[in-house]
Amino acid sequence: MARSGMSTGIRAGLRVQTVRTGPFRARSLGIRTFGIRTFRTIAFGGVAAASVMPAARAQMSQLVKGPSRPISAKKPVTFLADRVSYNRQTGVVTAEGHVQAWQNGHVLYADKVTIDRRTDTATAIGHVVLMEPGGQVVFAKHATLSHGMKDAVMKSVATILAENGRMVANGGRRVGGVINELSKVVYSTCNLCKSNPTAPPLWQIKARSVIENLKTKRITYHDAQLQIHGIPVFWLPVLSQPDPSVRRQSGLLIPAFGSSSHVGTFIAFPYFWAINPHEDLTIVPIVATKAGPVLDLKFRRAFNTGKLYINLSAGKDRYADANGISSAIFSHGVFDLNKSWRAGFAHH
């Protein structure tokens, strides 16, 4: 995305000010230019408009909240655009062409952004991209932002999360820069088939609505449906999971399914329990066509000098003893004795 390096600042009332343009000095109606560039000022009756070709750089906080003091290049709230116009009568600033804006750690990209100083709102149209301070990226066709980009109403939303997580929705609303409320949502971490990108992914969660809490890093689905290759296999009125960026947090893991000659076709619904920073337990109920139900438990414990792993499983099995119940235990551990030696065990 090419940028010319010219900078523009717009002040209320389009007051006349003297500015420096490299080796030149010029007078303009509230427009400050750098480098050898041209600008135009057009007046229509009582409506004054200023346009700059290309590109423009201005202070968004001054445009939205008004010029209580002169614009400063040191202010952290700025935007870039190919063209900028200001309507003094309506108090609307319009930035067009490769618009970039940043405020309070939020970065906004769009084809066009209009800023209404009277309502303290900004409207972004076309190829809208909103980057969050935490690294999350939100795409939309249209967005209306306010309160320093912390509040927003968006249409046709798509979100990129950690660990290849992707979420699309018909619309969404952001509150306080912390809560995302989305409607008619589809979430998955699977890539689409390159030969047939319109086909459903291996698995996906479809929900009537989703609440994403960026502070607690929790995603809650309402009227949630788990689909395998587009076929519904599981439904819950409420389903909650940690954000994919969270390394350890209690919650449901991705379901697993498959088949084998021993148990037949099976599906597993693992649940991860983070007991404390040093211990965790994975609980895996398994339902199969030729066996089960089966319960599988995986326990892990980290020590200062080693680690311990224990795997317990039990359930109905057609190859089991007379009571039809079989069980198994597997464990192993490794511990450091000193810098050169370590000891361990394994039980099968």
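Position numbers for residues start from 1 in each chain and track the written sequence from start to end. Local features in a predicted model are, by the rule used here, given only for residues with pLDDT of at least 70; side-chain atom pairs are given and counted only at 80 or more, and totals for whole chains, interfaces and linings are based on all residues. Computation of side-chain values covers all heavy atoms of the structure but excludes hydrogens and water.

We now examine the overall build of the protein chain. Numbering of helices and strands runs from the N terminus, with a helix taken as a DSSP run of H or I at least four residues long and a strand as a DSSP run of E at least two residues long. Looking only at helices and strands, the protein chain features one helix and 26 strands. Contacts are assigned to residue pairs that have any heavy atoms within 4.5 Å of one another. Across the protein chain, every contact between residues at least 6 apart in sequence was considered, and the portion connecting residues at least 24 apart equals 34%.

Right, let's talk about the nonpolar core for a bit. The term nonpolar core refers to a set of buried residues drawn from Ala, Val, Leu, Ile, Met, Phe, Trp, Tyr and Cys, joined through side-chain atoms within 4.5 Å. Accessible area is worked out with a 1.4 Å probe on protein chains only. A residue is then buried under 20% of its type maximum, exposed over 50%, and partly exposed in between. Ranked by size, the top nonpolar core spans 41 residues in total, and within it Leu108, Val113, Leu145, Met167, Ile205, Val210 and Tyr221 carry the most contacts. In terms of residue count, the dominant contributor to this core is strand S16 (residues 218-228) (five residues). In contact with methionine 167, other than residues within four places in its own chain, are Val157, Ala158, Thr159, Leu161, Leu182, Val185, Val186, Tyr187, Val210, Ile219 and Tyr221.

A few words now on the confidence of the model for the protein chain. Averaged over every residue, the pLDDT of the protein chain is 76; the share at 70 or more is 76%. Confidence scores per residue from the predictor, reported as pLDDT, run from 0 to 100. Note on residues 1-76: pLDDT under 50 across the span, and 167 contacts to partners over four residues away in sequence or across chains.

The next point concerns the pattern of salt bridges. Whenever Lys or Arg places a side-chain nitrogen within 4 Å of a carboxyl oxygen from Asp or Glu, that contact is recorded as a salt bridge. The full count for this structure, using the stated rule, is seven salt bridges. With a closest N to O distance of 3.1 Å, glutamate 279 and arginine 301 form a salt bridge. Remark: arginine 301 occurs in strand S23 (residues 294-302) and glutamate 279 occurs in strand S22 (residues 279-288); sequence separation between them is 22 residues. Here aspartate 336 makes a salt bridge to arginine 342, at a shortest N to O gap of 3.4 Å. Residue classification places aspartate 336 among the partly exposed positions, given a relative accessible area of 35%. Judged by relative accessible area, arginine 342 falls into the exposed class, the value being 59%. Through salt bridges with shared partners, one network takes in Arg248, Asp280 and Arg300.

By the element assignment, glutamine 103 lies in strand S8 (residues 92-103). We classify glutamine 103 as buried; its relative accessible area is 9%. As for glutamine 103 and threonine 78, which are separated by 25 residues in sequence, their C-alpha atoms are 7.1 Å apart.

Okay, a nonpolar patch on the surface next. Residues enter patches when they are more than 30% accessible in relative terms and free of salt bridges; like-charged ones are connected within 9 Å and nonpolar ones (Val, Leu, Ile, Met, Phe, Trp, Tyr) within 5 Å. What sets the accessible areas is the Shrake-Rupley method with a 1.4 Å probe; for residues, cover comes only from the shown protein chains. Together, Leu252, Tyr271, Trp273 and Ile275 make up an exposed nonpolar region whose accessible area comes to about 340 Å². At three residues, the largest contribution of residues to the nonpolar patch is made by strand S21 (residues 271-276). Topologically, isoleucine 275 is positioned in strand S21. Of the residues examined, isoleucine 275 reaches a relative accessible area of 31% and is grouped as partly exposed.

Below, the discussion takes up the pairing of S8. When DSSP finds two or more bridges between two strands, those strands count as paired. Strand direction decides the pairing type here: strand S6 (residues 78-81) and S8, joined by three bridges, are antiparallel. Its bridge partner lying in S8, leucine 80 is registered against glutamine 100. The pairing of strand S7 (residues 83-87) with S8 spans five bridges and is antiparallel. Directly across from asparagine 87, in S8, lies its bridge partner valine 92. Counting the residues that bridge the hairpin from S7 to S8 gives four residues, and of these glycine 91 lies at a positive phi of roughly 70 degrees. Of the pairings in the sheet, the one linking S8 to strand S9 (residues 106-116) comprises ten bridges and is antiparallel in character. Bridged to valine 99 within S9 is alanine 110. Once S8 ends, the chain turns through two residues before running back antiparallel as S9, passing asparagine 104 with a positive phi of about 55 degrees.

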